[in-house]
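Listed here are the chains, written in short residue letters.
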Amino acid sequence: EERGVRFETSTRVQGFEMEDNCISQVVCSSTRNDKEGEIISLEADTVVFGLGGAALNAMVRNSPELAQYSEFRKFANLRGTGVLATRL
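Read on for an overview of the structure. Just so it is clear, the structure is predicted and the values come from calculations on it, not from any experiment.

**Let's talk about the side chain of Ser-30**
Logical step 1: For Ser-30, the location among the structural elements is in strand 2 (residues 22-30).
Logical step 2: Within the local environment of Ser-30, its side chain forms a polar contact with the backbone nitrogen of Arg-32, the two atoms lying 3.2 Å apart.
Logical step 3: Every residue in contact with Ser-30, bar those within four places of it in the chain, is listed here: Ser-10, Thr-11, Lys-35, Glu-36, Gly-37, Glu-38 and Ile-40.

**Considering the nonpolar core**
Logical step 1: Core analysis: the largest hydrophobic core is formed by twelve residues, namely Phe-16, Ile-23, Val-26, Cys-28, Ile-40, Leu-42, Leu-56, Met-59, Val-60, Leu-66, Tyr-69 and Phe-72.
Logical step 2: Elements represented by at least two residues in this core include exactly strand 2, strand 3 (39-43) and helix 1 (53-61).
Logical step 3: Setting aside its immediate chain neighbours within four residues, Phe-72 contacts Phe-49, Val-60 and Leu-66.

Conventions we followed
Residues numbered from 1 in each chain as written. Predicted model: local features only at pLDDT ≥ 70, side-chain atom pairs only at ≥ 80, totals over all residues. Heavy atoms only, no water. Helix = DSSP H or I, 4+ residues; strand = E, 2+ residues; numbered from the N terminus. Polar contact = N/O pair within 3.5 Å; in protein donor to acceptor, adjacent residues only side chain to side chain. Contact = heavy atoms within 4.5 Å. Core = buried A, V, L, I, M, F, W, Y, C linked by side-chain atoms within 4.5 Å. Buried < 20%, exposed > 50% of the residue type's maximum accessible area, 1.4 Å probe, protein only.

Here it is, written out as structure tokens:
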């Protein structure tokens, strides 16, 4: 947080608000027991998607805001292993 980064845990992305072809807000719902379903709107200068291939695929397929861009539509076709573990 001291560098301007904010992590929101226990939230689920519901959608995005776009401004000038960029994500300006991320609309989330809380999954915390004490705030279940509460809608949170987060203003954003930059959004980092920290999720696996299957989750990114689902997000693009279910987000008209992202699906309008060819760069994101490419992720909707991802197939394969989401997690691979090996023992060295």
